[in-house]
Amino acid sequence: MGKLTSMLGLLLTHPFEFRTLVHFYLYHETKRDITAQQEHPTSGWDRASMRRCWEFLDMTSRSFAAVIKELDGDLARTICMYYLVMRGLDTIEDDMTIPDEKKQPILRKFHDLTVTPGWNFTENGPDEKDRHLLLEYHIVVEEVNRLPPQFKTVILDICQKMENGMADYAHKAATNGTIYLETIADYDLYCHYVAGLVGEGLTRIWSASGKEASFLCDQLELANSMGLLLQKTNIIRDFREDVEERRFFWPREIWAKYGFNEMKDMYEKGDVEHATWIQSGMVLDALRHACDSLDYLRLLKNQSVFVFCAVPVAMAMATLSLCFMNPDMFQRNIKIRKAEAAHLIMRSTNTREVALIFREYARKIHHKAKPHDPNFLKISVMCCKIEQWYEQNFPSFVILGEKGPQYDTSDKRTAIFRAEEKRAAERIALDPRNKPMPQDLFPWELATYVVGAMVLILGLSVLVVWLMLKFIPQA
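What you are looking at is a predicted structure, and each value in this text was computed from that prediction instead of being measured.

### Examining the overall build of the protein
And step 1. Looking only at helices and strands, one finds 24 helices and two strands in the protein.
And step 2. Of all 475 residues assigned to the protein, the portion counted as buried reaches 46%.
And step 3. Put simply, the protein shows about 25300 Å² of open surface, and 58% of that area lies on carbon and sulfur atoms.

### Some details on the environment of Lys-103
And step 1. Within the element layout of this structure, Lys-103 appears in helix α7 (residues 100-108).
And step 2. With relative accessibility at 5%, the residue Lys-103 sits in the buried group.
And step 3. Remark: the alpha-carbon pair of Lys-103 and Glu-93, spanning 10 residues in sequence, is separated by 7.4 Å.
And step 4. Apart from the residues lying within four places of it in its own chain, the contact partners of Lys-103 are Ile-92, Glu-93, Asp-95, Ile-98 and Ala-170.
And step 5. Of the polar contacts made by the side chain of Lys-103, one reaches the backbone oxygen of Glu-93; its length is 3.1 Å.

### Side note on unusual backbone geometry
And step 1. Located in the positive-phi region is Arg-246, a residue other than glycine, with phi close to 60°.
And step 2. Summarising the element assignment, Arg-246 is placed in the loop between α14 (239-244) and α15 (252-255).
And step 3. Residue classification places Arg-246 among the exposed positions, given a relative accessible area of 53%.
And step 4. In this model, Met-325 sits at a positive phi of 55°, which is unusual for a non-glycine residue.
And step 5. Summarising the element assignment, Met-325 is placed in the loop between α19 (303-323) and α20 (338-347).

### Things to note about the packing of α7 against helix α11 (residues 149-176)
And step 1. Axis separation between α7 and α11 bottoms out at 9 Å; the angle between their running directions is 170°. Relative to α11, the element α7 lies roughly antiparallel. Mapping the contact onto sequence places Asp-100, Lys-103, Gln-104, Leu-107 and Arg-108 in α7 and Glu-163, Asn-164, Met-166, Ala-167, Asp-168, Ala-170, His-171 and Ala-174 in α11.
And step 2. Looking at side-chain class alone, the contact of α7 with α11 contains five nonpolar, three polar and five charged residues.

### Topic: the nonpolar core
And step 1. Val-140, Trp-206, Trp-250 and Met-266 are the most contacted members of the largest nonpolar core, which totals 129 residues.
And step 2. Examining the composition of this core, we find that 14 residues originate from one element, α19, more than from any other.
And step 3. Residues within four places of Val-140 in sequence aside, it is in contact with Cys-53, Phe-56, Met-81, Leu-84, Val-85 and Leu-133.

### A look at a nonpolar patch on the surface
And step 1. Together, Leu-456, Leu-460, Leu-463, Trp-466, Leu-467 and Phe-471 make up an exposed nonpolar region whose accessible area comes to about 640 Å².
And step 2. Here Leu-463 lies in helix α24 (residues 444-471).
And step 3. By relative accessible area, Leu-463 is classed as partly exposed at 43%.

### Remarks on the packing of aromatic side chains
And step 1. Scanning all chains against the criterion turns up 17 aromatic pairs.
And step 2. Between Trp-250 and Phe-330, the aromatic rings sit 6.4 Å apart at their centres with planes inclined by 65°, giving edge-to-face as the arrangement. Of this pair, Trp-250 sits in the loop between α14 and α15 while Phe-330 sits in the loop between α19 and α20; the two residues are 80 residues apart in sequence, bridging distant segments of the chain.
And step 3. Accessibility expressed as a relative area gives 1% for Trp-250, which makes it buried.
And step 4. Relative to Phe-394, the ring of Tyr-390 has its centre 6.1 Å away and its plane inclined at 45°; by these criteria the two rings are tilted.
And step 5. Assessed through its relative accessible area of 2%, Tyr-390 is described here as buried.
And step 6. Judged by its relative accessible area of 17%, Phe-394 falls in the buried class.
And step 7. Among the aromatic residues, those joined into a ring-pair cluster are Phe-110, Trp-119, Phe-121 and Tyr-137.
And step 8. In this structure, Arg-240 is placed above the aromatic ring of Tyr-267, and the distance from its NZ or CZ to the ring centre is 3.8 Å.

### Quick word on the confidence of the model for the protein
And step 1. Here the protein shows a mean pLDDT of 87. Residues at 70 or above account for 87%.
And step 2. Averaged pLDDT values for the elements of the protein fall to 61 in helix α1 (residues 2-13) and rise to 96 in helix α18 (residues 290-298).

So, how was this worked out
Every chain is numbered independently, its residues counted from 1 as its sequence is written. Only residues with pLDDT of at least 70 are given local features in this predicted model, and only at 80 or more are side-chain atom pairs given and counted; all residues enter the totals for whole chains, interfaces and linings. Values shown for side chains rest on all heavy atoms present in the structure; no hydrogens or waters enter the calculation. In this description a helix means any DSSP run of H or I spanning at least four residues, a strand means any run of E spanning at least two, and both kinds are numbered starting from the N terminus. Only protein chains enter the accessibility calculation, which uses a 1.4 Å probe; a residue whose area is less than 20% of its type maximum is buried, one above 50% is exposed, and one in between is partly exposed. In these tables, accessible area is a Shrake-Rupley quantity obtained with a 1.4 Å probe, and a residue counts as shielded only by the protein chains included in the view. Should any heavy atoms of two residues lie within 4.5 Å, those residues are counted as being in contact. Definition of a polar contact: a pair of N or O atoms within 3.5 Å, with one able to donate and the other able to accept a hydrogen when the atoms are protein atoms, and with sequence-neighbouring residues admitted only if both atoms are side-chain atoms. Axis lines are fitted through C-alpha atoms, for helices just across the contact stretch, and the angle between N-to-C directions can take any value from 0 to 180 degrees. Each angle gets one of four labels, with under 35 degrees taken as roughly parallel, over 145 as roughly antiparallel, 65 to 115 as roughly perpendicular, and the rest as oblique. Amino acids are sorted into nonpolar (Ala, Val, Leu, Ile, Met, Phe, Trp, Tyr, Cys and Pro), charged (Asp, Glu, Lys and Arg) and polar (every other residue, Gly among them). For the purposes of this section, nonpolar cores are sets of buried Ala, Val, Leu, Ile, Met, Phe, Trp, Tyr and Cys residues that join through side-chain atoms within 4.5 Å. What goes into a patch is any residue over 30% in relative accessible area without a salt bridge, connected to like charges within 9 Å or, for nonpolar side chains (Val, Leu, Ile, Met, Phe, Trp, Tyr), within 5 Å. By salt bridge we mean one thing: a side-chain nitrogen of Lys or Arg within 4 Å of a carboxyl oxygen of Asp or Glu. Stacked, tilted and edge-to-face pairs are distinguished by plane angle, under 30 degrees for stacked and over 60 for edge-to-face with tilted covering the rest, among Phe, Tyr and Trp rings (Trp via its six-membered ring) whose centres lie within 6.5 Å. By definition here, charges over rings are those cases where NZ of Lys or CZ of Arg is within 6 Å of the ring centre and within 35 degrees of the ring normal. The predictor rates its confidence in each residue with pLDDT, a number between 0 and 100.

Here it is, written out as structure tokens:
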């Protein structure tokens, strides 16, 4: 009833969004049903323990559950378990009620605990939202131990790297009495541990599955950048919630130079102008990972893997555009509207369309930028880099249709292209020899070399035989 009421309200207040959501619910069908009988061998739905893991995924993931379930074959089950392991580790690291002396040993051996049959953790604070996952973690352990060795090895390796990074930061906060990140380099390193390593693990799993190229596992810099884009977007959007829960991820290097002593001063002092300048600096820092993310998407060939990666980064760009120069972000959590999210999901089907989404939101950010903002020039350059990436890979004046490529007559580049075509035709008319030779798939030049070599060898052989017959005395 509540959903029906909200849809009727949307029809009256935002009719175009209502149309988008109706279109999404009616026509955007899921590609895979993990509960179907034929999917049981790969999804594990026939086992009670794996069904419970799918329930954990629905409870802990607000955005990834749907796209994880649509991954091909056993990738869905593998990534589900990968997500739950990382979520369990993150739940312990985030819990401020656990003393450091107890948290450190648990964090640093979490990769061993993840394969220890029967292990659970019951000491989370009562308000920790994902504590139910750790209360029944033995079910996750059981399913992790069922994974193929090539996937299990990757998950445990990434878990070990991540747990040590998290433990280092947690210990620093507990011993130094500060939980601030000082520099952008510290911020990058923290985001690498909590998100960049996740991208590395995903990339290695894609390659190990055989559904992506084997060389993809070497593109770890691009995978790290995509993870940082997603993590930094969440950190920017969740500013108010994080500050109220004493999680301070924004680096002091960006915000302290405007006279703020604490991050809460950005909404308590009422200095909206300087606060939005800091906000633009954070968005600028996140945007430097945009082109790397597009480069990563270009390497993917499996459609389900592509959608899994493309939808979150498209939503990240929409979220950055929403947060940019938006003072409401300092007062409450903001997020993109459901209709916009549905529209992005339906569009994120190929690299060209995702790059177009990036370009659209980069233009919105550039349009909202203010000249008196100290980051104005850098924001403009970063938005132009996204524009340049799109034009370099998908020139906008070339329109692909059923009749082949066509050219936008309103674009000046079309006139240049047509002029070059005209000059080429004139050169051919003056001298037909300028006409390009038709392409022939048979390698005539190579064939000529081979035949010539064979004739030479045959001729030399005949000459040797003749000389032997002429000059060697007969017995």
